[in-house]
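Topology and contacts: notes
Given next are the chains, with one letter for each unit.
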There are 10 protein chains.
Amino acid sequence: MATDIMTRDDVTALVIAAKKRKKLSWEGIAEEVGMSPIWTHMVATGMGAAPKEKAEILGRLLDLPEAAVAELQECPSKDWNRDIPTDPCIYRLYEIAGVFGPSFKAMVHEKFGDGIMSAIDFDMSVSRVEDPKGDRVKVEMTGKFLAYKAW
Amino acid sequence: MATDIMTRDDVTALVIAAKKRKKLSWEGIAEEVGMSPIWTHMVATGMGAAPKEKAEILGRLLDLPEAAVAELQECPSKDWNRDIPTDPCIYRLYEIAGVFGPSFKAMVHEKFGDGIMSAIDFDMSVSRVEDPKGDRVKVEMTGKFLAYKAW
Amino acid sequence: MATDIMTRDDVTALVIAAKKRKKLSWEGIAEEVGMSPIWTHMVATGMGAAPKEKAEILGRLLDLPEAAVAELQECPSKDWNRDIPTDPCIYRLYEIAGVFGPSFKAMVHEKFGDGIMSAIDFDMSVSRVEDPKGDRVKVEMTGKFLAYKAW
Amino acid sequence: MATDIMTRDDVTALVIAAKKRKKLSWEGIAEEVGMSPIWTHMVATGMGAAPKEKAEILGRLLDLPEAAVAELQECPSKDWNRDIPTDPCIYRLYEIAGVFGPSFKAMVHEKFGDGIMSAIDFDMSVSRVEDPKGDRVKVEMTGKFLAYKAW
Amino acid sequence: MATDIMTRDDVTALVIAAKKRKKLSWEGIAEEVGMSPIWTHMVATGMGAAPKEKAEILGRLLDLPEAAVAELQECPSKDWNRDIPTDPCIYRLYEIAGVFGPSFKAMVHEKFGDGIMSAIDFDMSVSRVEDPKGDRVKVEMTGKFLAYKAW
Amino acid sequence: MATDIMTRDDVTALVIAAKKRKKLSWEGIAEEVGMSPIWTHMVATGMGAAPKEKAEILGRLLDLPEAAVAELQECPSKDWNRDIPTDPCIYRLYEIAGVFGPSFKAMVHEKFGDGIMSAIDFDMSVSRVEDPKGDRVKVEMTGKFLAYKAW
Amino acid sequence: MATDIMTRDDVTALVIAAKKRKKLSWEGIAEEVGMSPIWTHMVATGMGAAPKEKAEILGRLLDLPEAAVAELQECPSKDWNRDIPTDPCIYRLYEIAGVFGPSFKAMVHEKFGDGIMSAIDFDMSVSRVEDPKGDRVKVEMTGKFLAYKAW
Amino acid sequence: MATDIMTRDDVTALVIAAKKRKKLSWEGIAEEVGMSPIWTHMVATGMGAAPKEKAEILGRLLDLPEAAVAELQECPSKDWNRDIPTDPCIYRLYEIAGVFGPSFKAMVHEKFGDGIMSAIDFDMSVSRVEDPKGDRVKVEMTGKFLAYKAW
Amino acid sequence: MATDIMTRDDVTALVIAAKKRKKLSWEGIAEEVGMSPIWTHMVATGMGAAPKEKAEILGRLLDLPEAAVAELQECPSKDWNRDIPTDPCIYRLYEIAGVFGPSFKAMVHEKFGDGIMSAIDFDMSVSRVEDPKGDRVKVEMTGKFLAYKAW
Amino acid sequence: MATDIMTRDDVTALVIAAKKRKKLSWEGIAEEVGMSPIWTHMVATGMGAAPKEKAEILGRLLDLPEAAVAELQECPSKDWNRDIPTDPCIYRLYEIAGVFGPSFKAMVHEKFGDGIMSAIDFDMSVSRVEDPKGDRVKVEMTGKFLAYKAW
């Protein structure tokens with residue numbers, strides 16, 4: 001059945017095609033948008049809503065149709081695979097969460113008490129650190145601490 | 001059937017009991033051991049092997065029997081739950097890996113090419129960052145980049 | 001292997017046994033503790049950490065040993081069954097989340113934008129509403145809205 | 001194979017497209033329909049059957065074809081994902097059911113005896129509560145208590 | 001850790017042991033209790049709460065200790081295996097639900113509209129029907145129809 | 001790739017479309033076919049093979065093409081979802097099998113010995129029973145008892 | 001809690017211990033019992049009920065206590081692992097069912113029509129066939145054909 | 001994207017369509033091919049590679065295009081559903097493997113030692129056995145015994 | 001929605017079609033590319049990124065369009081089935097990992113200490129070894145040892 | 001219930017305890033037994049049956065009781081976790097099977113035709129290869145090729 005809906009997956013496909021055609025990098029796109037590369041990639045590939053102004057920059061930069069620019073501003077369904085992914089690059093993040101997660105939890109409770117690090121009021125960056133024994137990937141994250149309410 | 005084996009779970013139980021009895025913190029234990037708090041917690045609770053010297057410090061600090069000190073030096077089976085855990089504090093790490101994992105992968109490939117961030121040649125820290133809008137949990141990780149071999 | 005650890009499950013068993021022996025209700029216990037019945041039940045059965053003062057009231061009321069009172073103040077591992085439970089009374093909560101969850105999400109985004117209702121900075125109550133066609137269970141919840149950070 | 005069937009998913013797609021095109025809100029649609037926003041969203045997106053009169057209002061408001069108006073009156077298969085969803089906004093409802101579900105069950109049995117809160121003879125609302133420490137999402141539900149029959 | 005709690009599983013084990021020792025049948029026990037065999041078996045093996053009077057008859061009949069008689073009156077957690085069981089006798093019930101379930105749903109909606117057959121306000125019996133081609137098992141169930149509320 | 005095969009799902013879609021277009025009920029169709037409503041619905045929607053004569057009545061009644069009438073006579077793959085379905089109307093059948101299944105098994109063995117109720121040599125009906133406290137759904141099933149062979 | 005119940009698993013453990021101690025083979029036990037080896041093994045290890053006479057022979061042969069002989073006559077819960085087992089010897093049976101199952105189904109329907117081979121009114125044998133290219137395992141099964149009832 | 005590949009599923013669909021159109025039986029096809037019905041069905045529906053000569057007979061008999069005849073000679077990916085299928089006719093094979101598998105394993109080890117019955121060097125037949133109490137399905141299999149290597 | 005994206009799956013389909021059409025073997029393709037057959041197959045079917053020069057050789061050899069040659073140089077998402085595959089040829093690799101994996105781990109730790117064999121800095125070959133008792137498949141792998149970092 | 005059975009897990013625990021107490025290595029044990037280290041570890045930890053002579057050497061070397069020596073000669077149930085293990089050292093073997101498995105299958109079929117590498121008539125070794133860029137783990141396996149039978 002033909003409809004006039006452009007889904008978020010359609011937008012993501014348009015974004016990736018334009019990025020290849022124009023030989024852009026995510027860092028370059030992020031600089032144009034004026035946001036960090038992780039946030040920019042996440043929003044451009046369907047895991048977050050862009051403010052109007054940022055959606056319009058993406059639209060101009062990537063020649064997106066108006067419907068795609070509108071769709072970028074919708075709150076998407078942030079579905080991710082609840083089975084642990086097998087792509088080796090992403091899997092290692094889960095192995096880290098599995099092996100080091102209990103130690104992370106112990107540190108959070110020792111420093112803050114009962115509560116969590118927010119995954120919503122949250123930011124993250126990835127950078128390259130030179131090292132004579134082999135360069136390293138550096139990941140930095142901060143998330144607001146949220147204490148359990150008692151009532 | 002009675003045996004003379006002390007399992008790693010037995011050692012972990014002894015460690016946690018001694019830490020409570022002696023009112024120690026993980027940061028304090030780590031300082032005595034001369035290693036980081038995350039590494040110290042991980043090894044003391046069964047996710048890694050301790051060098052002989054570090055195992056002996058843990059043994060003295062926590063009054064562990066000789067068999068426990070020996071067990072701490074064995075390479076454990078680092079089993080973690082392949083179902084995503086439900087404890088809210090640990091779950092958020094998986095939600096981050098789910099929501100931001102594809103963006104992490106895009107950054108790694110853009111900066112390094114086809115390969116991964118090692119979860120073995122890897123380190124991690126957790127700290128508290130003061131913030132007037134609510135203090136934040138900060139997580140820093142570095143892992144060696146490993147490129148896929150071509151042959 | 002004998003240890004001096006009292007686990008959280010041991011504390012829960014002691015709490016339930018004392019409640020039966022003393023013929024107390026959760027509402028009655030909550031009133032003594034000075035907190036709501038849901039919070040009191042949750043903490044007393046191992047899903048949250050009690051402030052020292054509240055743990056001590058629970059200890060006096062239920063004749064708990066000192067180790068149990070200490071354990072009530074620890075941040076527990078809040079593990080719940082990631083398979084949807086089959087007990088019909090609890091299952092209905094999941095059926096509600098399944099059938100009405102997308103409508104809930106649409107309302108949250110329409111009223112607040114991209115973000116979530118916190119399950120940490122959160123409270124909840126259950127009450128009985130008389131109704132000539134059959135009394136009703138009333139559930140009220142409030143949770144802080146958390147907006148996704150952009151950076 | 002071409003058939004003259006319009007599925008419920010087709011109707012949902014038409015509804016969402018029309019809502020965007022006409023820049024309507026769910027609250028606005030609900031007001032026109034004369035029902036609550038949650039019920040209206042649920043029925044319009046395929047989780048319930050609409051009475052003839054309500055289906056026709058939806059049809060006029062959203063320019064739906066006659067087949068769609070007829071389909072809205074059919075009893076749909078209310079399938080929801082029995083794996084816990086990963087979208088963070090919906091996931092928090094399940095985390096609440098997991099962490100607080102046993103306390104909910106204890107309250108229901110303490111106030112009513114052996115039985116359940118119906119998820120069928122049930123209503124629900126979502127509203128925004130202003131709060132100087134950050135506005136809160138408020139959820140209210142009532143469901144008829146059903147006692148287990150003994151025979 | 002020793003406690004004074006008798007769990008529901010303990011009660012079930014006592015019930016089955018007494019039934020064997022006294023060479024009773026479920027039909028005979030049900031007759032003494034004055035209820036149907038299905039209800040009696042279900043309650044005596046932990047899937048429902050017994051009224052005080054019925055619990056006491058079961059106690060006298062099966063020589064149960066006082067704590068067991070009290071436990072029979074508690075609202076149990078009616079946990080059943082959400083994986084389809086493999087015991088061939090029980091599996092066939094699920095195969096029937098799988099093969100004939102959609103036909104059952106079509107009949108309910110055709111006769112009643114949008115709603116369900118209650119599994120709470122529900123009764124069931126099993127009997128033997130003589131048949132020259134081989135005797136048949138007959139199952140009869142009735143459950144109250146519950147219509148979806150519109151609000 | 002175009003082929004001359006009409007699958008069973010194609011036939012089911014044709015059946016449902018014709019039923020709507022001609023405003024028939026399952027009871028009405030069954031009466032024409034001269035079989036029970038449950039059997040008729042099951043066969044017409046792909047869970048069983050129809051004898052030639054019954055397939056031809058269905059074909060005439062619903063204007064099915066010859067290929068569909070032929071396909072109705074094939075033995076279908078009776079696949080059903082081995083995950084328990086979430087549609088509330090069908091789910092309740094599984095909840096009944098879960099909560100009351102062990103009691104059903106106990107009755108079968110008490111009345112017949114080791115064996116099962118057949119789900120193949122089996123029949124079932126659904127009817128409406130008036131009741132001043134709310135009408136009830138009545139389900140009746142009989143299945144041949146099959147004893148385990150000993151050899 | 002101490003009870004006077006001997007479970008079926010206890011009986012199986014007794015059977016296997018006695019078989020080793022007395023250096024018996026399953027073929028030898030079956031000959032004493034006067035039944036086939038497969039049936040004898042199945043019943044003696046908890047997958048079926050033995051007639052009184054056969055249970056008593058097993059009891060005498062294996063020095064089982066009276067409670068075990070009684071338990072052998074009960075209808076057991078024939079639970080098997082619904083996850084496909086990994087033991088290579090048993091796994092191959094499932095691989096055969098997976099690879100050749102659809103061909104088996106096609107043959108059954110071609111020779112009998114819509115129905116199944118009973119797994120209840122069923123027998124099976126395993127034997128060794130000499131072959132110069134390597135001896136072969138031979139498995140023979142027969143099960144009663146059951147036709148789907150139409151009503 | 002259009003390609004010149006004919007997949008194995010395309011071939012299977014062509015085979016089944018031709019078999020219906022020409023009103024052939026699997027026994028008849030197998031006779032023409034000069035192989036057993038089970039092997040013929042398995043290879044013709046994508047679970048094995050056919051030798052050139054047999055593929056060509058199938059091609060002539062069923063009017064298959066050249067690309068299909070070539071595809072029949074490829075080694076297919078023999079994927080089968082690792083979840084136990086629910087079609088009742090095939091399910092019974094798994095129930096047999098579940099209930100009788102441990103007895104099968106005991107017989108293999110008693111007669112041959114540590115090893116398995118091959119599912120590769122394997123053959124199987126299905127036949128109809130007349131029986132006054134109801135005809136029976138007979139299944140015969142032989143597989144080469146493979147002993148575990150010690151080195 | 002039409003886009004100008006050629007996915008990796010499209011490239012794989014083109015590769016396999018060309019290989020059949022040109023009657024090439026993987027060994028022959030690998031020789032042209034100047035790399036090992038395993039690496040060549042892996043990259044050509046979407047499990048790795050090819051250096052520009054190798055992608056261009058593949059393009060010329062298999063008449064791939066320019067977009068496919070570009071796609072071969074992208075870092076793919078190396079997704080593999082986290083459920084153990086059922087194809088018998090591949091399944092045996094998993095059975096080996098299951099049965100012999102713990103012995104592999106013991107050897108690695110005995111020879112190297114706590115760490116792993118890399119699956120990234122890794123190579124592998126498959127060859128045929130003649131043997132009078134039946135030819136054998138030989139698999140050789142080497143992977144860099146990675147020691148757990150302590151910090 | 002006390003029995004005279006020593007399970008295979010009991011034997012494994014005895015073996016590991018004796019190895020630690022006597023400070024033996026698997027290579028040293030294997031040399032005494034006169035077999036390879038992988039085979040020796042596998043049999044000594046419960047994944048295979050030992051010939052009488054080898055079991056007796058193990059018994060003398062590790063001071064095992066007579067019942068353990070007898071148990072080592074039984075054919076064990078070689079159960080392994082059908083969920084992919086999370087221990088990083090073992091997981092990498094599965095990642096290799098996932099990423100390189102299809103390439104392995106292509107090589108086997110190109111060199112041998114339709115069939116598999118046996119995991120039963122199979123051997124394996126692990127060794128350390130010095131390398132200036134970091135030492136490597138080398139794994140070698142051979143398994144008999146088994147061709148699919150046609151009949």
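The rules behind each value
Residues numbered from 1 in each chain as written. Chains lettered and ligands numbered in written order. Predicted model: local features only at pLDDT ≥ 70, side-chain atom pairs only at ≥ 80, totals over all residues. Heavy atoms only, no water. Least-squares fit on C-alpha atoms with pLDDT ≥ 70 in both. Contact = heavy atoms within 4.5 Å. Helix = DSSP H or I, 4+ residues; strand = E, 2+ residues; numbered from the N terminus. Expected span 1.5 Å × (residues − 1). Buried < 20%, exposed > 50% of the residue type's maximum accessible area, 1.4 Å probe, protein only. Pairing = 2+ DSSP bridges. Axes fitted to C-alpha atoms, helices over the stretch in contact; angles between N-to-C directions. Buried area = accessible area lost by both parts, 1.4 Å probe. Salt bridge = Lys/Arg side-chain N within 4 Å of Asp/Glu carboxyl O. Polar contact = N/O pair within 3.5 Å; in protein donor to acceptor, adjacent residues only side chain to side chain. UniProt positions renumbered as here; feature names shortened; annotations may be inferred.

Note that the two copies of the chain are related through a rotation about an axis and a translation along the same axis. By a simple turn and slide, chain B fits onto chain A: the slide is 0.0 Å along the axis, the RMSD is 0.0 Å, and the turn is 180 degrees. Taken together, the rotation and translation relating the two chain copies correspond to the operation of a two-fold axis. Considering only C-alpha atoms, the part of chain B nearest the rotation axis is E140 of chain B, at 2.3 Å.

Its rotation angle being 180 degrees, the transformation that places chain D on chain E also includes 0.0 Å of axial translation and leaves an RMSD of 0.0 Å. Interface overlap between copies: 100% of the residues of chain D at the interface are likewise at the interface in chain E, consistent with a symmetric, same-surface contact.

So, on to helix α1 (residues 8-21) of chain H. In this model, α1 of chain H (14 residues) spans 20 Å end to end at C-alpha, consistent with the 20 Å of a helix rising 1.5 Å per residue. Listed as buried for α1 of chain H are R8, D10, V11, T12, L14, V15, A17, A18 and K19 of chain H. Tucked inside the fold, the buried residues of α1 of chain H contact α6 (88-112) of chain G together with α2 (26-33), α3 (37-44), α4 (52-62) and α5 (66-71) of chain H. The positive-phi residue at the C-terminal boundary of α1 of chain H is K23 of chain H, with phi of around 50 degrees.

If you walk across this open sheet you meet the four strands as β1(G)-β2(G)-β2(H)-β1(H), and the pairing is antiparallel. Of all strands in the sheet, those bounded by a partner on one side alone are β1 (115-129) of chain G together with β1 (115-129) of chain H. Across the sheet, the mean angle from the axis of one strand to that of its neighbour is 20 degrees, orientation sign disregarded. In this sheet, strand β2 (residues 136-147) of chain G lies alongside β1 of chain G in antiparallel orientation, the contact comprising eleven bridges. Residue I116 of chain G lies in a different strand from β2 of chain G, and its bridge partner there is L146 of chain G. Contacts from α6 of chain G reach β1 and β2 of chain G together with β1 and β2 (136-147) of chain H, with the element oriented near 20 degrees to β1 of chain H.

On to the interface of chain B and chain A, then. At the interface, 64 residues of chain B touch 64 residues of chain A. By the criterion of area lost to chain A, the three top residues of chain B are W80, R136 and V137 of chain B, representing 11% of everything that side buries. Here chain B and chain A share eight salt bridges between them. Residue K105 of chain A is joined to D87 of chain B by a salt bridge in which the shortest nitrogen-to-oxygen separation is 3.1 Å. Inspection of the region where chain B meets chain A yields 28 residue pairs in polar contact (both at pLDDT 80 or more). At the level of elements, α2 (26-33), α3 (37-44), α6 (88-112), β1 (115-129) and β2 (136-147) of chain B are the ones that each hand at least two residues to the side of chain B that touches chain A. Broken down by element, the residue count for the side of chain B that touches chain A peaks at 25 residues, all from α6 of chain B.

How big an interface is tends to be stated in terms of accessible area lost as the parts join. Counting from both sides, the interface comprises 30 residues of chain D and, opposite them, 30 residues of chain E. At the boundary of chain D with chain E, total buried surface from both sides reaches about 2700 Å², with 62% on carbon and sulfur atoms. Along the contact surface separating chain D from chain E lie four salt bridges. The partner of D114 of chain D in a salt bridge is K78 of chain E, and the shortest N-O contact between them spans 2.7 Å. Here chain D is connected to chain E by 14 residue pairs in polar contact (both at pLDDT 80 or more).

With that settled, consider the sheet that holds β2 of chain B. Ordered in space as β1(A)-β2(A)-β2(B)-β1(B), the four strands form an open sheet in which the pairing is antiparallel. What marks the edges here is a single partner per strand, and that holds for β1 (115-129) of chain A together with β1 of chain B. The mean angle between the axes of side-by-side strands here comes to 20 degrees, regardless of whether they run parallel or antiparallel.

Below, the discussion takes up the UniProt feature "domain: Cyanate lyase C-terminal" (unreviewed entry) in chain A. Annotation from UniProt places "domain: Cyanate lyase C-terminal" (unreviewed entry) at residues 79-151 of chain A. Structurally, residues 79-151 of chain A is divided into 34% helix and 37% strand, and its ends, taken at the C-alpha atoms, are 32 Å apart.

So, on to the UniProt feature "active site" (unreviewed entry) in chain A. Using the residue numbers shown here, the UniProt feature "active site" (unreviewed entry) corresponds to R92, E95 and S118 of chain A. By the element assignment, R92 of chain A lies in helix α6 (residues 88-112). A relative accessible area of 2% places R92 of chain A in the buried class. Those residues in contact with R92 of chain A that lie beyond four places of it in its chain are I116, M117 and A119 of chain B, I120 of chain I together with R92 and E95 of chain J. Residue position: S118 of chain A is located in strand β1. A polar atom in the side chain of S118 of chain A sits 3.0 Å from the backbone nitrogen of I120 of chain A.

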